[in-house]
Amino acid sequence: MASSRQRNWHTILTGMILIGANLKKESETIARWYSTKVDLKKLRPMILKRIENRAKDYPIKAMVPVARDVLRSRLVLFHGVSILIKFFPIVTCKFCPEVYVGEKGHLIRTCSGYKRHLKNQVHQWIKGGVDDILVPVETFHLEKMFQDVIKHQQRFDFDRVPAVVELCRQAGADPHDPDLQPDSWTRLSSGDPVFVADVLSSDDLRSIAKETLGAWETLRSGMEKLLLAYPVKVCKYCSEVHVGPSGHKARLCGVFKYESWRGAHLWKKAEVDDLVPPKIIWHRRPQDPPVLLDEGRNFYGHAPAVVDLCARADVVVPSKYFCMMKVHGLAAPARVDLHS
């Protein structure tokens, strides 16, 4: 019995020794692989030359028409929104970024207060403007895409321009090209341009809203194509955007927001919403009460601010927004029992 146990232990120990020897050989192989000496001074000219050659591939000729369409759609979008807000007033909260299309606002308690020190408070509404619907996103203006990284002490040496315009400029479109102006602005039924009219009919407003909504969709779809071809970065912790293969080194993270962090940005790949924020707001449906109440917040829908503004002019919005807007959803009960 004792001899059999000794044989078993001998077998186990022998196996462990063999396994340990194999692991040692593998570790030595990995160590030899990673310990290979590389002269970075010799590789640096090769890396710089590769970056220089890469810059010759930009701008991509096939993407120039896309960039031009984006700039043209952007002009139409701003023009249409500036007209529609004169007939469909918008309000914004005094203490938070909440926006609502309507004269009096809603009573939904979603205000977080200044610097987000409060929670679930009633909004205090003031008159809004175009920037509340089309949120401005700015970035540093670069002479060329592949240039030296902007350092912190150089942050005042570069102009700040709209991120969409900067991306389109690097994609080969000239923002100051007069040919980018729309061929013909939306005109009234009488033939007069809309920017000289103070009173518009429902048909005129519907035509303007339809053109504005089309420009919104063209702008976002064009930006999606450009982001597939050109590198754009966004900070993980704030909304800072940089158009280029690598972000800048200006330590501005949190300076323009409520965050207390004052450090370098942590960059990641940007999406369409980072350059063209949709600004999601509450959407009032025909079955909803005239003023949205806090008790029915689970029944109300949402929509991008531009889409909701155009919908007020009786424009049929794309079906992809129906789920978000809860178009066919139930109306909130007249009185909701919060204790049930």
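Going by the structure above, here's the rest.
For every chain, the first residue of its written sequence is number 1, and the numbers climb from 1 along that sequence. Predicted model: local features are reported for residues with pLDDT of at least 70 only, side-chain atom pairs are reported and counted for 80 or more only, and whole-chain, interface and lining totals are derived from all residues. The basis for every side-chain value is the complete set of heavy atoms in the structure, and neither hydrogens nor water enter the calculation.

Novice: Can you explain a nonpolar patch on the surface? Please cite residues and give values.
Specialist: On the surface, a cluster of nonpolar side chains totalling about 410 Å² of accessible area is made up of Leu40, Leu43, Met46 and Ile47. Along the chain, Leu40 turns up in helix 2 (residues 40–55). Three labels apply to residues, based on accessible area from a 1.4 Å probe with only protein chains included: buried if under 20% of the type maximum, exposed if over 50%, partly exposed otherwise in between. A residue is classified by how much of its surface remains accessible, and Leu40, at 63% relative accessible area, is exposed. Surface patches are defined over residues having more than 30% relative accessible area and no salt bridge, joining like charges when they lie within 9 Å and nonpolar side chains (Val, Leu, Ile, Met, Phe, Trp, Tyr) when within 5 Å. Areas reported as accessible are Shrake-Rupley estimates using a 1.4 Å probe. Residue values count occlusion only from the protein chains shown. Only one rule defines a salt bridge in this text: a Lys or Arg side-chain nitrogen within 4 Å of an Asp or Glu carboxyl oxygen. Helix numbering and strand numbering both begin at the N terminus, where a helix is a DSSP run of H or I of at least 4 residues and a strand a DSSP run of E of at least 2.

Novice: A description of unusual backbone geometry should follow, citing residues and the corresponding values.
Specialist: For Lys279, which is not glycine, the phi dihedral falls at a positive 55°. Within the secondary structure layout, Lys279 lies in the loop between helix 7 (272–275) and strand 9 (280–283).

Novice: Lay out the sheet that holds strand 1 (residues 90–93) in plain terms, naming residues and giving numbers.
Specialist: Read across the open sheet, the three strands follow the order 2-1-3; overall the sheet is antiparallel. Bordering the open sheet on either side are strand 2 (99–101) and strand 3 (125–127), each of which pairs with just one other strand. Adjacent strand axes in the sheet meet at a mean angle of 35° when their direction is disregarded. Pairing between strands is defined by DSSP: at least two bridges between the two strands are required. The pairing of strand 1 with strand 2 spans three bridges and is classified as antiparallel. Bridge pairing in strand 2 links Thr92 to Val99. To obtain an axis, a line is fitted to C-alpha atoms, over the contacting stretch when the element is a helix, and the angle between two such axes runs from 0 to 180 degrees between their N-to-C directions.

Novice: Can you lay out the side chain of His248 for me, pointing to particular residues and giving the numbers?
Specialist: Relative to the elements of secondary structure, His248 occurs in the loop between strand 7 (241–243) and strand 8 (267–269). Between N or O atoms, a polar contact is any pair within 3.5 Å; within protein, one atom must be a potential hydrogen donor and the other a potential acceptor, and residues adjacent in sequence are included only when both atoms are from side chains. A polar atom in the side chain of His248 sits 3.1 Å from the side chain of Glu240. Apart from residues no more than four positions distant in its own chain, His248 is found in contact with Phe140, Val149, Ile150, Glu240, His242, His265 and Trp267. Any two residues having at least one pair of non-hydrogen atoms within 4.5 Å are treated as being in contact.

Novice: Explain the nonpolar core residue by residue, including any values.
Specialist: Grouping buried Ala, Val, Leu, Ile, Met, Phe, Trp, Tyr and Cys residues that are joined through side-chain atoms within 4.5 Å yields what is termed a nonpolar core. Counting residues in hydrophobic clusters, the biggest one holds 61 residues, and the most contacted among them are Leu167, Trp216, Met223, Leu226 and Leu275. Elements with a contribution of two residues or more to this core: helix 3 (64–87), strand 2, helix 5 (163–170), helix 6 (202–229), strand 6 (232–235), strand 7, helix 7 and helix 8 (305–311). Among the elements that make up this core, the one with the highest residue count is helix 6 (eleven residues). Look past the residues within four positions of Leu275 in its chain and what remains in contact with it is Val137, Ala163, Val164, Leu167, Met223, Val232, Val241 and Ala270. In this structure, Ile108, Trp282, Leu292 and Tyr300 belong to the second largest nonpolar core, which totals six residues.

Novice: Describe the environment of Val99, listing the residues and the values that go with them.
Specialist: Examined against the element boundaries, Val99 turns out to sit in strand 2. A residue is classified by how much of its surface remains accessible, and Val99, at 1% relative accessible area, is buried. Considered as a pair, Val99 and Lys127 are 28 residues apart in the sequence and their alpha carbons are 9.7 Å apart. Residues within four places of Val99 in sequence aside, it is in contact with Val91, Thr92, Trp125, Asp132, Ile133, Lys279 and Ile281.

Novice: Give a description of the packing of aromatic side chains that names residues and reports values.
Specialist: Only the six-membered ring of Trp is used, alongside the rings of Phe and Tyr, when aromatic pairs are assigned; centres must lie within 6.5 Å, and planes under 30 degrees apart are stacked while those over 60 apart are edge-to-face, with the rest tilted. Under the counting rule described, the total for this entry stands at two aromatic pairs. Centroid distance Phe140 to Phe158: 6.5 Å. Interplanar angle 75°. Geometry classified as edge-to-face. Linking Phe140 in strand 4 (residues 138–140) with Phe158 in the loop between strand 4 and strand 5 (160–162), this pair joins segments that are 18 residues apart in sequence. When its relative accessible area of 1% is taken as the criterion, Phe140 is described as buried.

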